[in-house]
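# Structure at a glance
Single-letter residue listing:
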Amino acid sequence: LYLPWLPLQEGAGFDIDIEKGKSGDSDSILIITITTINYGNVIATIVLESSNSVHVNIECIADFPKDELMARIEDDEQHYSMSSVVSFDTNKNIQKNDNLEKPQAKINMSDTNEINPYLLLMAHTIIRHVIELDKMNS
């Protein structure tokens, strides 16, 4: 996941592992699992709705700072001229990682011929802000 005008800096403090998703729907879908130190696994499913609109569903623990993440996503939406619908699911089965040294991001892409840039922008936005919020709470 690389956009030349929006690079992830080296040494950003997290690892990215990209897996090939299962074949199926022709929709462009990204599933991102971010393993954080303070909030356990944060799972974001990003579905492309139209050329510049995405639907995001985020699974997280109850004490995750949802309002702060929403405010940051809205700022980036205005900057990139995209629209999104963001929903949160609170999952009680997610546990915190007490022995994790650094956050990790794992991306599972659906099997598509092309990925819309807005999917990548939203994926970058979510990964960056979740990792920043996790670091702020450390």
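Structure first, text after, so check above.
Before going into details, it helps to say that this report is about the structure given with it. As the structure is a prediction and not an experimental result, all values here were calculated from the model.

The rules behind each value
- Residues numbered from 1 in each chain as written.
- Predicted model: local features only at pLDDT ≥ 70, side-chain atom pairs only at ≥ 80, totals over all residues.
- Heavy atoms only, no water.
- Salt bridge = Lys/Arg side-chain N within 4 Å of Asp/Glu carboxyl O.
- Helix = DSSP H or I, 4+ residues; strand = E, 2+ residues; numbered from the N terminus.
- Buried < 20%, exposed > 50% of the residue type's maximum accessible area, 1.4 Å probe, protein only.
- Phe/Tyr/Trp six-rings, centres within 6.5 Å; stacked < 30°, edge-to-face > 60°.

### Here's the deal with the pattern of salt bridges
For the coordinates displayed, the defined rule picks out three salt bridges. The partner of Glu 132 in a salt bridge is Arg 72, and the shortest N-O contact between them spans 2.7 Å. You can see Glu 132 sitting in helix α2 (residues 117-136) and its partner Arg 72 sitting in helix α1 (residues 66-80), a full 60 residues away along the chain. The class of Glu 132 is partly exposed, set by a relative accessible area of 31%. Residue classification places Arg 72 among the buried positions, given a relative accessible area of 15%. With a shortest N-O distance of 2.8 Å, Arg 128 and Asp 76 are connected by a salt bridge.

### A few points about the packing of aromatic side chains
As enumerated under the stated definition, the model contains one aromatic pair in all. Aromatic pair Tyr 39 and Phe 64: ring centres 5.0 Å apart, planes at 80°, arrangement edge-to-face. Here the residue Tyr 39 occupies a position in the loop between β2 (29-35) and β3 (41-50), and Phe 64 occupies one in the loop between β4 (53-60) and α1, the gap between them amounting to 25 residues. For the pair formed by Tyr 39 and Phe 64, the shared burial category is buried.

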